[in-house]
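The primary structure of each chain is shown beneath.
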Amino acid sequence: MSRIAFIGLGNMGLPMAVNLKKAGHDLVVYDTIAAAREKAGAEGMTIAENAAAAVGNAAFIITMLPNGAIALRVFEDVVPAARKGAAIIDCSTIDVGSAKKAHEMASAAGLLPLDAPVSGGIGGAAAGTLTFMVGGSDAAFEMAKPLFDTMGQKAVHCGEAGTGQAAKICNNMLLGISMIGACEAFALAEKLGLSAQAAFDVISTSSGACWSVNTYCPVPGIGPQSPADNDYKPGFAAELMLKDLGLSQEAAAQVGQSTPMGLNARQLYDRFASGSGAGKDFSGIIEYLKTAARS
Ligand code: NAD
């Protein structure tokens, strides 16, 4: 069993840390919010005075933070305090540029860095069924693999520094586009007098089949249970989809790749998340699309 420092105990971080603790690891944790620290304390974890104090004797350092700027600030604090040879695993979803900087900073100090964003959401974090998309060296991946297996059901080693973040934003860009496509199809079907059930029965078994239709259908009462059946409570919040679409546009601009559908998806989620979609699941964009003016 290992000493693990865990920084960032929010909606995702706390349940991930709880699963590591349950597996018998020794957890020393920190979050800037007192309430988050208290929850971790109630789970039997040791609370550090600050992030740097958490990492001293840790073999593994895991961060689960809101964005790249914060992740880099935390790395600036913890990297100099960490033990040489420790693995430092950033599970936050951040921009590829910051992820690469974090790798450089940690490697220069003799640490083994990984960018390892996740999919599976809060439910997957609690159940220990996350998927990890991992960028970094083979040695770092092999070292961290048992922890990924405790917190998740699958860890894919995508390549070198930053490729975990690249995989995450490419997947979520496609998801945003496909969800909008599914919503447009169901909204048009309704206006054409085709029932949602008939549309589902055809599309889910035809060439339009995709995860957004078959598994996470945006229409209430159709297909397997999904946030549509629970008044669009997240699930995966529209704001988080907007964040990931923003990261994919930033990355596309940096490498000069045209992503017109991704750009359009970001604009639509921007309008939805800043209006009626605030606090709603990303599949709720069907309601917005049904009432939006044709353009
Ligand atoms: P959250 O806001 O609930 O948690 C982030 C935590 O980091 C907060 O508790 C905050 O106090 C803490 N924090 C901020 N600055 C800090 C600092 N300097 N030092 C220590 N702690 C600090 O967010 P979340 O939902 O847990 O998401 C975390 C990351 O996971 C994000 O990058 C998000 O995009 C990604 N993600 C979230 C989901 C989801 O469904 N919530 C799914 C996949 C990926």
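Above this text sits the structure in question.
Residues numbered from 1 in each chain as written. Predicted model: local features only at pLDDT ≥ 70, side-chain atom pairs only at ≥ 80, totals over all residues. Heavy atoms only, no water.

J.: Could you give an account of the overall build of the chain, with specific residues and numbers?
T.: Of the regular secondary structure elements, the chain holds 13 helices and nine strands. Principal-axis analysis of the C-alpha atoms places the extent of the chain at approximately 65 × 45 × 35 Å. Looking at the chain as a whole, 49% of its 295 residues qualify as buried. For the chain, restricting intrachain contacts to residue pairs at least 6 apart in sequence, the fraction spanning at least 24 positions comes to 63%. Within the structure as shown, the chain displays about 13,300 Å² of accessible surface, and the carbon and sulfur contribution to it stands at 55%. (Helix = DSSP H or I, 4+ residues; strand = E, 2+ residues; numbered from the N terminus. Buried < 20%, exposed > 50% of the residue type's maximum accessible area, 1.4 Å probe, protein only. Contact = heavy atoms within 4.5 Å. Areas by Shrake-Rupley, 256 points an atom, 1.4 Å probe, with all protein chains shown as cover.)

J.: Explain the packing of helix α8 (residues 163-191) against helix α12 (residues 260-273) residue by residue, including any values.
T.: Following both chains from N to C, one finds α8 and α12 inclined at 70°, their axes separated by 9 Å at the closest point. With respect to α12, the element α8 is oriented roughly perpendicular. Like other packed secondary-structure pairs, α8 and α12 cross with a definite hand, here left-handed. Residues Met173, Gly176, Ile177, Met179 and Ile180 of α8 form the contact with α12, whose participating residues are Met261, Gly262, Ala265, Leu268 and Tyr269. Of the residues that constitute the contact of α8 with α12, the class distribution is eight nonpolar, two polar and no charged. (Axes fitted to C-alpha atoms, helices over the stretch in contact; angles between N-to-C directions. Parallel < 35°, antiparallel > 145°, perpendicular 65-115°, else oblique. Left-handed = near helix turned anticlockwise from the far one by under 90°. Nonpolar A, V, L, I, M, F, W, Y, C, P; charged D, E, K, R; others polar.)

J.: Just give me the short version of the nonpolar core, but keep the residues and values in it.
T.: Residues Phe6, Met16, Ile62, Ile89, Phe132 and Phe148 are the most contacted members of the largest nonpolar core, which totals 35 residues. Mapped by element, the contributors of at least two residues to this core are β1 (3-7), α1 (13-22), β2 (26-30), α2 (34-42), β4 (60-63), β5 (87-90), β8 (130-136) and α7 (138-151). Among the elements that take part in this core, α7 stands out by supplying six residues, more than any other. Formed by 31 residues, the second largest nonpolar core is a distinct cluster that contains Leu175, Tyr232, Phe236 and Leu268. (Core = buried A, V, L, I, M, F, W, Y, C linked by side-chain atoms within 4.5 Å.)

J.: Describe the pattern of salt bridges, naming the residues involved and giving the relevant values.
T.: By the definition in use, this model includes three salt bridges. Two residues, aspartate 26 and arginine 3, come together in a salt bridge whose shortest N-O distance is 2.9 Å. Here the residue aspartate 26 occupies a position in strand β2, and arginine 3 occupies one in strand β1, the gap between them amounting to 23 residues. Among the residues examined, aspartate 26 registers a relative accessible area of 35% and is labelled partly exposed. (Salt bridge = Lys/Arg side-chain N within 4 Å of Asp/Glu carboxyl O.)

Interpretation note: all reported values are geometric properties and have no functional meaning in isolation.
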